[in-house]
Amino acid sequence: MSRRIVKKVAVLGSGVMGSRIACHFAGTGLQVLLLDIAPKDLNDAEKAKGLPIDHPAVKNRIVNDSLQAALQSNPSPVYDKAVAKRIRTGNFTDNMKDIAGYDWVIEVVVERLDVKQAIFDQVEQYRKPGTLITSNTSGIPIHLMAEGRSDDFKKHFCGTHFFNPPRYLRLLEIIPTPYTDPSVISFLLQYGDVHLGKTTVLCKDTPAFIANRIGVYSIMSVFKLVDEMGLGIDEIDALTGPLIGRPKSATFRTADVVGIDTLVKVANGVAENCPADEAREIFAIPAWLQKMVASNWLGDKTKQGFYKKQKKAAPEGGDQSEILSLDLKTLQYVPKQKAKFASLEAAKPIDDLRMRLKALFAAPDKAGEFYRRFHYHLFSYISHRIPEISDEPYRVDDAMKAGFGWEIGAFETWDLLGVQKTAEAMKAAGFTVAPWVDNMLGAGFSSFYKVEGGKQTYYQPDFSAGGKGTGGKYQVIPGSNAFIVMKNFAHQTVWKNAACNLYHLDDDVLGLEWHTKLGTVGGEVLEGIQRSIAIAEEKYKGLVIANDTAQFSAGANVGMIFMLAVEQEYDELDMAVRMFQNTIMRARYSAVPVVVAPLGLTLGGACELSLHADKVCAAAETYIGLVELGVGLIPGGGGTKEFVLRAADEMHEDEPENITLKNRFLTIATAKVASSAFEAFNLGILRRGVDEVIMNGERRIAEAKRAVIDLYDAGYTLPIQRTDIKVYGRSLLGALYAGINGMWRGQYATDHDVVVAKKLAYVMCGGDLSEPTGVSEQYLLDLEREAFLSLTGEKKTLERIQSVLKGGKPVRN
């Protein structure tokens, strides 16, 4: 079979999902055709211009307006605004014929079978045989859409269900029909993973597929517990949010965002189309929810749902917003109430999610009782959905983590709480467990997951020949060889301290991770980096630095900086900054390759570490930048030095007014953070031709390991420190000072902003030199450190740091 290549994608339908799916495809480098219906009538603006109904601007108004609305939305649906030029728009009447030149056609029109079938009639006329054709439906049975189509259409057709927003929610459900060619399924699972950055989950063609089936059941079971236990909205959202590894929107806020009518529609769909579902009564709509729908209280789309925002008079005059929550007994909006459960307060200081879940589950108060009943409902339901919605249990966990933002899957949670013990407690409480789970436990398998030789395995019950899940065994999760989870190599720990673990990731490559709060970098982490490099130099090929968390690192431990500055321990502070600089430079100048694999927040010191790595394998969703100016400091761990070095290498003789260095100065001075790894190239943080973007963040550590081996095999040698960095002294310093003063006069900068920015300018110009001069890296590091230390003595800087430590934004002073 010839290799399938996707270069061009046609998206049919430009609504909220269609326009954002088009943006995501464009963001990955593809050419996209976005089509929608042509309007039937002119609007007022078109009438005023005298445009005819068949004018291109009129015929493409709907699709163009939809695309512009998507591009201007927040959060942005694209990695970089420039990708919009890869999207061509058109309408079904004039441009459906153009799909003949596209490799993949994805339908994203309204959720009506008749409308979709009409679109597919047109697709059949123009589609090139062998090209992919898929639907983004969230609930219409896929096989119904395939009925009456040609054999080639059926062979290349399946469901591809993206979650909204497509850039940020990583789930892509792949739903084949009995006619879908197996090679098409395999291709989409792989392509979605590698090129679209998705967790691709193979689903059966059952109502609501996997994620919505389990997710809506979870919400509806909470609604049932609300009535049974007399809990309020504020209490439930406190119980079911980040404390248990769920999104901040928890339960009721999530319903408002999704749309209460949408939630009810899915629940009714499951109840109507799944007569054999043993928990069907859970999907019955409570009376208070029916009244909300009847009153058009549908959530964000109607400005009120379970929550409502209203204005009230502020004490100092004017208006301020207040969030009210709905009392489900009276259906009246009341001021939000803080949930008061002793177990919640006791659990909050527990940073480790797994330990926190155990503590909450075992709590003796009302919250503990809620958690037990909540999980009993969930565990019973997921056990009975195997093999109905999926033959493999791990796919359920993948779907919920990627589609609903759960940090830990349902089967993983059951493992954590003890499968045997919890199953017995469930039965005692009147809940049932699917026979295959009993068979698994009876055969001596005590968990759904197990790590063997650094590889994640899962228990696969045997349902062949209509079996009941007997004779199962542990199997390696398909494709997991492309993913490295650091903790799975705990049995190969080489070194550790209180904050760090260094593992042998096989193939003579080491992996370092740390587990401080938000990945902050303090003395123990710096020790970990230094020791890891030293150990790697002794007998390994190189080192990968990464964390198995949603955020790589929020940067240096500003709490330590604040404490030393307040106590005026300037010698110790100087020593701490020197240690940070030396550690970062050790990463640059080591005898083995050091590759950093960031994901999520990569700020301040973590950005500086990345700037000095031999290579960065950054997840697409990496938010990286030098943010020190925000707290009244300058980058003091080599970041300022490195920006000067890179600017010197990039500048050319006929460049006007040292624009490269000025742009580098502005990037630091405005504390710019790249909103994606792609944007980090534009800011000069990542290097084109050296650093790499990994679309699927879960692959970044494996790709970083590959990069270490490639660098080693290519004959990696210890780099030599630079002594030829051109700086411009007074010839540029005056211009930067003038620009800073201009910002101050325009009231864009405070007095303190001016102090900090001038310190930064001084360092980036190499000091008060009389003429352009070549200097060393160490010269710039010394200037950087001196400026950093002097700013820690500024009262306004300490006020900004204190504001951040209290959980707020830096105050402008």
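Here, the structure is the one placed above.
Report follows, based on the coordinates. Within each chain, residues carry numbers counting from 1 in the order of the written sequence. Whole-chain, interface and lining totals are the exception, using all residues; otherwise, since this is a predicted model, local features are given only for residues with pLDDT of at least 70 and side-chain atom pairs are given and counted only at 80 or more. For side-chain calculations, the full set of non-hydrogen atoms in the structure is used, while hydrogens and water are omitted.

On the surface, Arg354, Lys358, Lys421 and Lys487 cluster together into a positively charged patch. Put simply, DSSP H or I for four residues or longer makes a helix, DSSP E for two residues or longer makes a strand, and each gets a number counted from the N terminus. Inspection of the secondary structure puts Lys421 in helix α20 (residues 419-428). Think of a patch as exposed residues, more than 30% relative accessible area, with no salt bridge, where like charges cluster within 9 Å and nonpolar side chains (Val, Leu, Ile, Met, Phe, Trp, Tyr) cluster within 5 Å. Each accessible area value is a Shrake-Rupley result obtained with a 1.4 Å probe; residue values ignore everything except the protein chains displayed when judging cover. Salt bridges are counted wherever a side-chain nitrogen of Lys or Arg sits within 4 Å of a carboxyl oxygen of Asp or Glu. Only four residue types enter the tally: Lys and Arg on the positive side, Asp and Glu on the negative side, with His and both chain ends excluded. Note that the charge is assigned to NZ on lysines, CZ on arginines, CG on aspartates and CD on glutamates.

Let us now look at the packing of aromatic side chains. Classification of ring pairs uses Phe, Tyr and Trp, with its six-membered ring standing for Trp, and accepts pairs whose centres are within 6.5 Å; under 30 degrees between planes counts as stacked, over 60 as edge-to-face, and the remaining range as tilted. One pass over the structure, following the stated rule, counts 33 aromatic pairs. Both rings, one in Phe252 and one in Phe306, keep their centres 4.6 Å apart while their planes meet at 70°; by these two values the pair is edge-to-face. In this pair, Phe252 is assigned in helix α12 (residues 252-258) and Phe306 in the loop between α14 (287-294) and β9 (307-313), connecting sequence segments 54 residues apart. With respect to class, Phe252 is no different from Phe306; both count as buried. Note on geometry: a ring has a charge over it if NZ (lysine) or CZ (arginine) is within 6 Å of the ring centre and within 35 degrees of the ring normal. Against the face of Trp406 rests Arg246, its NZ or CZ located 3.5 Å from the ring centre. Sitting over the face of the ring of Phe483, Arg699 holds its NZ or CZ atom 5.1 Å from the ring centroid. Between buried and exposed lies partly exposed: a residue is buried under 20% and exposed over 50% of the maximum accessible area for its type, with that area taken using a 1.4 Å probe on protein chains only.

Burial of strand β5 (residues 132-135) is two-sided: the residues Leu132 and Thr134 facing one way and the residues Ile133 and Ser135 facing the other way are all buried. Bridge count between strand β4 (residues 104-107) and β5: four bridges; the pairing is parallel. Residue pairing across strands places Ile106 opposite Thr134, the latter belonging to β5. A crossover connection joins β4 to the parallel β5 through helix α6 (residues 113-126); in handedness this β-α-β unit is right-handed. Pairing between strands requires that DSSP locate at least two bridges from one strand to the other. Of the pairings in the sheet, the one linking β5 to strand β6 (residues 157-162) comprises three bridges and is parallel in character. What sits directly across from Thr134, in β6, is Cys158. We call a crossover right-handed when, viewed with both strands directed away from the observer, the connection leading from the first strand over the helix to the second proceeds clockwise.

A word on the environment of Gln568. In this structure, Gln568 sits in the loop between α23 (558-566) and α24 (570-588). The class for Gln568 is exposed, based on a relative accessible area of 56%. C-alpha of Gln568 to C-alpha of Gln530: the two residues are 38 residues apart in sequence and 27 Å apart in space.

Right, let's get into the sheet that holds strand β19 (residues 594-596). What the seven strands build is an open sheet, ordered β15-β16-β17-β18-β19-β21-β23; its pairing is mixed. Each having just a single partner strand, β15 (493-496) and β23 (692-694) make up the two edges of the open sheet. Here the average twist between neighbouring strands, direction ignored, is 20°. As paired elements, β15 and strand β16 (residues 500-504) share three bridges and run antiparallel to each other. Bridge pairing links Thr493 to Tyr503 in β16. Every residue pair with non-hydrogen atoms within 4.5 Å of one another is taken to be in contact. All axes are obtained by fitting lines to C-alpha atoms, using only the stretch in contact for helices, and the reported angles, taken between N-to-C directions, cover 0 to 180 degrees. Here helix α29 (residues 700-713) sits on the sheet in contact with β17 (509-514), β18 (542-545), β19, β21 (615-619) and β23, set at roughly 165° to β21.

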